[in-house]
Amino acid sequence: MNKDLLLKDIAESGYNIGYAAKKHLATFDIVEKAPGWISILSFAFGVLALVAPQFNNNILAAFLLIVAYAVFYFNSYQNGRLEYSNAGSRLTTIFTTLRSLFYEVKSRDDAANFDDLAARYRELLEESQSIGISKQIFLSDWYAHYKFFWQAERSWLEEKRPFTFWRDKIPLSATLAGIALIVAIVCGVAYNLLRGVCQ
């Protein structure tokens, strides 16, 4: 394998492994923190409903019950939450090792033999493939995008694996949800305008 192909391969795998690490850690974060935040918000709205009449309505109460039900969903992940944390940490270690390997390959002369580095790369790849947990919590993909593209140091990847804003940095489901929200708002505004004109 030549130098350029090895660098591209390491960068592509680095992206996949780094993102997988963030996705596992995102699942852990959501499972660990979301039930507490939901409880605090539900309690706060309940207290506000006692003193402010505008918070005392059936729609808000129904919404809070739906949100409170989400706690049961998060609790189904509670027993395995440490597995997500451990897998995310191990994948992060492989990600940083790949970065070191990337720079080691880059520093070698173009005509050098890369068999030893390619073998180390394959070992890291095999190890990463044995770690992942396929079942991830709802919205972990969105949170992983945030953790990877806005918190992680990934400039070394962009040398050989450039990222685009809409294709890579924003999840497709978030884009579709945003479009659906805009369409719903426009339809709602148009409906209210037409209803006002017809009256």
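Structure: above.
This text gives an overview of the structure that appears in the document. (Residues numbered from 1 in each chain as written. Predicted model: local features only at pLDDT ≥ 70, side-chain atom pairs only at ≥ 80, totals over all residues. Heavy atoms only, no water.)

A word on the pattern of salt bridges
This is how it is decided: Any Lys or Arg side-chain nitrogen located within 4 Å of an Asp or Glu carboxyl oxygen qualifies as a salt bridge. Strands here mean DSSP runs of E at least two residues long; helices mean DSSP runs of H or I at least four residues long; both are numbered from the N terminus. Burial classes follow relative accessibility: with a 1.4 Å probe on protein chains only, a residue under 20% of its type's maximum area counts as buried, one over 50% as exposed, and anything between as partly exposed.
Applying the stated rule across the entire model yields 13 salt bridges. Its salt-bridge partner being Lys106, residue Glu159 comes within 2.5 Å of it at the nearest N-O pair. On the criterion of sequence distance, the pair formed by Glu159 in the loop between helix 6 (155–158) and helix 7 (165–169) and Lys106 in helix 3 (residues 81–107) is long-range, its members being 53 residues apart. Residue Lys106 is classed as partly exposed on the basis of its relative accessible area of 35%. With a closest N to O distance of 2.9 Å, Arg108 and Asp116 form a salt bridge. Note on Arg108: relative accessible area 24%, which makes it partly exposed. The structure contains a network of salt bridges with shared partners spanning Asp4, Lys8 and Lys160.

As for the packing of aromatic side chains
Formally: Working definition: a ring pair exists when centres of Phe, Tyr or Trp rings (six-membered ring for Trp) sit within 6.5 Å. Plane angles under 30 degrees give stacked, over 60 give edge-to-face, the rest tilted.
For the structure on display, the rule yields 16 aromatic pairs. Ring geometry for Tyr77 against Tyr84: centres 6.2 Å apart, planes inclined by 50°, an arrangement best described as tilted. According to the relative accessible area criterion, Tyr77 is buried, its value standing at 6%. Centroid distance Phe102 to Tyr103: 5.8 Å. Interplanar angle 80°. Geometry classified as edge-to-face. Looking at Tyr103, the relative accessible area reads 37%, which means it is partly exposed. Put simply, the rings of Tyr15, Tyr19, Phe95, Phe102, Tyr103, Phe148, Phe149, Trp156 and Phe163 pair up and form one aromatic cluster.

Note that every value here comes from positions in space, so none of it alone points to a role or purpose.
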